[in-house]
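Per-entry structural report
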Amino acid sequence: MSAIQILFWFLSGLALVSAIMVLISKNPVHSVLWLVMVFFAISGHYILMNAQFLAIVNLIVYAGAIMVLFLFVIMLMNLDKTSDPQKNWWMKLAGVISGGCLLMEMATLVRQAAEMKEKTVMMKEGSIGLIGNLGKLLFSDYVVPFEISSVLFLSAMVGAVVIGKKN
Amino acid sequence: MEMHLLAIDWMLFAEKLVLIAIIIFASLGIALYTTFAERKVAAILQDRPGPNRAGPFGLLQPFADGLKLIMKEEIIPNHANKWLFILGPGLAMTAALMTCAVIPWGDKVVLFGRNIALQIADVNIGILYVFAVVSLGVYGIMIGGWASNNKFSLMAALRGASQAISYELAMGLSLIALLMLTGTLQLGEIVKQQMQAGHYWNIVYQPLGFLIFIICAFAECNRTPFDLPESENELNMGFHQEYSSMKLGFYLFSEYVNMFISSVIMATLFFGGYDVPFFDEAAHANWGNWLALIGVASIMIKAVIFIFIFMWVRWTIPRFRYDQLMNLGWKKLVPLALINMLITGAVILYFNK
């Protein structure tokens, strides 16, 4: 096993364990912190593929900003243990089975997709993920979707201000 | 397939490990003496002698302080979340120290026939890495405040976190203008550009950007006038109210590490990093390792000057009120940074770089 393979398995294991812990933690604050761990593991995967910009933006935006807002909300809501409704075990089982089916379908679909055939992830090399190349691509080939998404953000911001102004 | 376990350059690995150890211990040592310097500067500004009993000139004072903190009884509140209570200060300290990985501390040195760059990793994303780590520093505050299971701690943690998030924004925007000029995020590259002949330090091109950046750095380090998260006298201490012993020490100490690191980052981005002013490094390439050491000394002197400014401000200006803090961040610094960005963009277009 090369260093990259060891890192890959380590990060994958970390991501999966953390993701499971997000679901089974009783305390919502713990769930958020495990979710932050998931983001770290995924950023590690991005770095293995030399997509440095994506890795770091994933950390800044998700781990650094959105999860902090999650924490804000959860800490201020003061969630009680009593408010957690207990579900039947067969409801949980049904959830696991249906969720698993969906996951399997998606996995097979992705694996069989025509675009994915004959393609492997570029490990360690490949420079498309570096910020200069990514920026050129975003502002030339993908400039329209990029600008449209910025309009989306603007409208979200305006919406937040309007809702906040109400009282 | 060849069965060597790990295809790593072990020499490089060892070299980086030694470098990391040196940098971390140096950062901790400097932060240790920054606490001493803080008390001395406060003393000078308030016209009193300051700590002068432990050792000559009181030089052993930081060790005495550290010993005191370690020896104190360690209390974990009954209803505190134990693991997170311990994780909080650890996270604050880790986040403070992690930033030093991308800072270029000097040029190359040649040791045992190897070229050793005095930078742990010159990654492509450079300054963004710093931002990511800074944004993680918020968790140290929030987890500590929440895990204490104390309403005052929680409120202080929320206060601190919202301050950090607000000023991070203006900080990022103020840097965009600088990055438009440099065209790269790599800190090593930014320093090399400033060292070129005919190119001045970035402070000449970005005075407004630097002003916004230094204000935001004050806020990010929770220093006066922005030290609302831990305002001892009017808001009942802060997120570390329930902490005692070395865990409290870690929180207080991480502030000094943060201060040192942000001073170094300001020196790197705006004041030429390890560049010695009015001295042509390229012409003295035959000085070898000495040249690199002079560079390291240069960045350290710049950092010390910034640390002094941090302290000077702390003992001069009173604390803001919370609404003033938010108004300054959102209504003054963010628009100012945006205007700076627009002007810089226009000037770059005009000169058609």
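Residue positions within a chain follow its written sequence, with the count starting from 1. Each chain is given a letter, starting from A, and each ligand a number, starting from 1, according to the order in which they appear as written. In keeping with the model being predicted, local features are shown solely for residues with a pLDDT of at least 70 and side-chain atom pairs are shown and tallied solely at 80 or more, while totals for entire chains, interfaces and linings include all residues. Working from all heavy atoms in the structure, the side-chain values ignore hydrogens and water.

**As for the domain arrangement of chain A**
Residues and elements named next belong to chain A. Defined as follows: Segmentation into domains, and thus their bounds, comes from an automatic or database assignment. Accessible area, probed at 1.4 Å, shrinks when two parts are joined; the buried area is that loss added up over both. One speaks of a salt bridge when a side-chain nitrogen belonging to Lys or Arg is within 4 Å of a carboxyl oxygen belonging to Asp or Glu. Any pair of nitrogen or oxygen atoms within 3.5 Å is treated as a polar contact; in protein, a donor-acceptor pairing is required on top of that, and neighbouring residues in sequence qualify only through side-chain atoms on both sides.
Considered domain by domain, chain A is made up of domain 1 (3-79 + 88-129) and domain 2 (130-167). On a C-alpha basis, the centres of domain 1 and domain 2 stand 24 Å from each other. In this assembly, domain 1 packs against domain 2 so that about 540 Å² is buried in total across both faces, 70% of it on carbon and sulfur atoms. Summed over the three residues of domain 1 that lose the most area to domain 2, namely Phe-53, Ser-127 and Ile-128, the buried surface amounts to 73% of that side. Between domain 1 and domain 2 we count 0 salt bridges in total. Our count for the domain 1 to domain 2 interface comes out at 0 residue pairs in polar contact (both at pLDDT 80 or more).

**Re the nonpolar core**
Formally: Definition of nonpolar core: a set of buried residues of the types Ala, Val, Leu, Ile, Met, Phe, Trp, Tyr and Cys, connected through side-chain atoms within 4.5 Å. The rule is simple: take the accessible area with a 1.4 Å probe, protein chains only, and divide by the maximum for that residue type; under 20% is buried, over 50% is exposed, in between is partly exposed. Should any heavy atoms of two residues lie within 4.5 Å, those residues are considered in contact.
Membership of the largest hydrophobic core comes to 113 residues, with the highest contact counts inside it found for B:Ile127, B:Tyr139, B:Met142, B:Leu269 and B:Phe270. Setting aside anything within four residues of it in sequence, one finds B:Leu269 in contact with B:Ile127, B:Leu175, B:Leu178, B:Leu187, B:Ile190, B:Gln194, B:Asn202 and B:Phe213.

**As for the interface of chain B and chain A**
The test is simple: We count a stretch as a helix when DSSP gives it H or I for four or more residues in a row; a strand needs E for two or more, and each element gets its number in order from the N terminus.
Facing the 25 residues of chain B at the interface are 25 residues of chain A. Both faces combined, the contact of chain B with chain A buries some 2,200 Å², and carbon together with sulfur accounts for 79% of it. Looking only at chain B, the three residues that lose the most surface to chain A are B:Asn124, B:Tyr139 and B:Trp146, adding up to 25% of its buried area. Along the contact surface separating chain B from chain A lie 0 salt bridges. At the surface where chain B touches chain A, the tally comes to 4 residue pairs in polar contact (both at pLDDT 80 or more). Elements supplying a minimum of two residues to the side of chain B that touches chain A: α4 (126-147) and α5 (151-182) of chain B. The greatest single-element share of the side of chain B that touches chain A, amounting to 11 residues, is contributed by α4(B).

**Section: the pairing of strand β1 (residues 108-111) of chain B**
Every other side chain in a regular strand lies on the same face of the sheet, so the side chains alternate between the two faces. Residue and element names in this part refer to chain B. We count it as follows: Two strands qualify as a pair provided DSSP detects at least 2 bridges between them.
Pairing between β1 and strand β2 (residues 114-117): 4 bridges, direction antiparallel. What sits directly across from Val-110, in β2, is Asn-115. Counted between consecutive antiparallel strands, the loop separating β1 from β2 contains 2 residues, among which Phe-112 sits at a positive phi close to 50°.

**Some words on the pattern of salt bridges**
Residue and element names in this part refer to chain B. Tallying each qualifying case throughout the model produces 7 salt bridges over all chains. Among the ionic pairs, Arg-223 bridges to Glu-38, the shortest N-O distance being 2.9 Å. Note that Arg-223 is positioned in the loop between α8 (207-220) and α9 (245-270) and Glu-38 in helix α1 (residues 10-45), a separation of 185 residues in sequence. On the basis of relative accessible area, Glu-38 is assigned to the buried category, the value being 3%.

**Some details on the environment of B:Leu179**
Residue and element names in this part refer to chain B. Mapped onto the elements, Leu-179 comes out in helix α5. Considered as a pair, Leu-179 and Ile-190 are 11 residues apart in the sequence and their alpha carbons are 8.9 Å apart. Here Leu-179 is in contact with Ile-127, Thr-184, Leu-185 and Ile-190, once residues within four sequence places are set aside.

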